[in-house]
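# Structure at a glance
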Amino acid sequence: MAGLGGERAAVEDFAEFVRVSLPGLLRYGHALTGNPHDAADLVQGVLEKVGSRWQAVLGKGPDPLAYVRRSMANGHVSRWRRFRRENLVAEFPDSAASPQFDRLEHEPLWQAMRELPPRQRAVVVLRFYEGLSEAEIAASLGVTKGTVKSQNSKAMATLRAKLGGFADGRE
Amino acid sequence: MDLDDELRRLFRDERLDIQVRSGADQAVVTGARRVRRKRMMLASAGGTFAVAALVAGGIALAGVGGGVSMEPAGPVLTTTTSSRPAQEESSPKNPQAPTSGQVGYGKLHLGMSEADALATGLLTPGPDDPDGCHIYFSDTQPNISTPVVISPVKGVVRITLPDYAKTSMGISVGATVADVKMRYPAAVEYDEGFSFTTDNPFPWLYQFIVENGRKTHSLTDRVTTVRMQLTTAECALT
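Residues numbered from 1 in each chain as written. Chains lettered and ligands numbered in written order. Predicted model: local features only at pLDDT ≥ 70, side-chain atom pairs only at ≥ 80, totals over all residues. Heavy atoms only, no water.

## Some points on the nonpolar core
- Core analysis: the largest hydrophobic core is formed by 58 residues, its most contacted members being Phe14, Leu47, Met72, Met113 and Leu159 of chain A together with Leu7 and Phe11 of chain B.
- Looking at this core, the element that brings in the most residues is helix α1 (residues 4–33) of chain A, giving eleven residues.
- Looking at which domains feed residues into this core, each of domain 1 (1–81) and domain 2 (104–171) of chain A gives three or more.
- Those residues in contact with Phe14 of chain A, other than ones at most four positions away along the chain, are Leu47, Gly51 and Trp54 of chain A together with Val28, Val29 and Ala32 of chain B.
- Residues Tyr136, Val177, Tyr206 and Cys235 of chain B belong to the second largest nonpolar core, which totals 36 residues. (Core = buried A, V, L, I, M, F, W, Y, C linked by side-chain atoms within 4.5 Å. Buried < 20%, exposed > 50% of the residue type's maximum accessible area, 1.4 Å probe, protein only. Helix = DSSP H or I, 4+ residues; strand = E, 2+ residues; numbered from the N terminus. Domains from an automatic or database assignment. Contact = heavy atoms within 4.5 Å.)

## Some remarks on the environment of Thr158 of chain A
Residue and element names in this part refer to chain A.
- Tracing the backbone through its elements, the reader meets Thr158 in helix α8 (residues 145–163).
- Here the alpha-carbon distance between Thr158 and Glu115, two residues 43 residues apart in the chain, equals 9.1 Å.
- If sequence neighbours within four positions are ignored, Thr158 has contacts with Leu116 and Gln120.

## Structural notes on the confidence of the model for chain A
Residues and elements named next belong to chain A.
- Per-chain confidence: chain A averages 79 in pLDDT, with 78% of residues scoring 70 or above.
- For chain A, per-element mean pLDDT is lowest for strand β1 (residues 90–91), which scores 64, and highest for helix α6 (residues 118–128), which scores 91.
- Every residue in residues 80–84 scores below 50 in pLDDT, and together they form 19 contacts with partners more than four places removed in sequence or on other chains. (pLDDT = per-residue confidence, 0-100.)

If you want it as C-alpha cells, here you go:
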C-alpha cells in the first residue's frame with residue numbers, strides 16, 4: 001500500500017497528466033457529444049473519477065490516455081449524466097447566442113452526427129476518430145462485436161440518408 | 001468523396017478545438033479528491049446499505065407502477081429472500097408473491113454482493129468497465145451488451161431481463177411504447193427509450209430501451225431491452 005508520499009506523487013502525476021491531455025480530451029469530447037458544453041462536462045466528470053483512483057488506473061496498463069478516452073466513450077452513452085455540472089475546465093464565449101458559438105453549425109455532416117443516438121455516435125467516433133477496429137470498439141464499450149457492427153451499420157445508413165447524394169458522391 | 005473520408009476529415013477539423021480554462025487542472029484534481037472521499041464514505045457504509053435492503057421487508061414491487069394492481073402474465077420480478085433457497089429454486093416462470101424488500105429477477109437482486117451473485121452459478125465474467133465495475137454475461141442473455149454489472153462497492157447495479165420476462169406491470173421485450181406509457185405513466189422518455197425511477201424500497205429504476213435508430217419514439221415502437229438498475233453513478237452503465 002502506498003504511503004502518503006506515494007499518494008502525493010500520484011496526485012502530482014495525475015495533475016501533470018491533466019495539464020498535458022486536457023486540450024486533446026476536450027476536442028475528443030466535442031466529437032463524442034456534439035457540443036462544447038457537454039464535452040466539458042464529460043471530460044471533467046471522467047477525469048475526476050479516474051483521478052480518484054489514479055494509482056489503480058496506472059496499474060491497468062501503460063496508456064492511461066487511452067483508458068480515459070474509453071471511459072469518455074462509455075460516459076457519453078451512459079444515461080447517468082442527466083445534469084450539467086458547473087463547468088470548470090473549458091473557456092467559452094460569453095454568450096451562447098454568439099454566432100461563433102457552434103463553429104461547426106453549417107457543417108452538414110456534423111449536424112447529421114448530432115442527431116445520432118449516443119451509442120451509434122460513440123461507435124462512429126471510436127472508429128473514425130480513434131481508428132479502432134470492431135473488436136477494439138466492442139472491448140471498449142463492453143458490447144459484442146455484433147452490436148458494434150449493427151450500431152455502425154445503422155449510423156452509417158442514417159448519415160448517408162441525411163446527407164443524401166453528398167455522401168454517395170452524387171453531390 | 002465517400003462517407004468514411006468525410007468523417008475522418010470532420011474529426012481532423014480544427015473547429016473541434018475547445019479552449020482550456022485557466023486553472024482547469026487544479027479544479028479537476030480537487031474534484032478527484034472529492035470523488036475519492038465520497039467513494040470511501042460509501043464503501044464504509046456498504047454494509048449498512050445491505051442491511052437496510054433486507055429489513056425493508058413486505059414491500060411489494062407491484063406497487064411501483066403507480067398503484068395499479070395487475071396480475072403478471074408470465075415470470076415476475078420478485079422479492080425473494082436469500083435466506084430461503086428452496087423458494088428461490090422454484091421456477092421463475094411462476095408468479096411469486098413478494099416477500100421482502102429485495103428487488104431483482106430470479107436469484108439475482110440489486111445490491112447483492114459480487115460473491116453472492118457469482119455463487120448463483122448464473123454468471124460468466126466479461127470485461128471490466130472503465131469505472132472499475134465488472135461486467136458479466138449470462139446464459140439467458142447471450143446477445144445483450146453488459147447484461148449484468150457489479151460494482152465492487154454497491155454490488156449488483158444492473159440486471160437485464162431475459163426477453164420472456166415481464167415486469168410486475170406486465171412489460172417485457174416486444175411491448176409497445178403505448179403499453180409502457182399506460183402501465184408506467186410516470187416513466188420519463190430519453191434518447192434511448194424510457195426510464196421509470198422509484199424509491200421503493202430504495203432508489204432504483206427500470207429502463208425500457210427502444211432501439212429504433214432515432215432519439216424520439218412513437219407509440220407503436222417496441223421495447224427491445226428491459227433492465228433494472230440501482231440509481232448510482234458508480235459504474236459506466238451504458
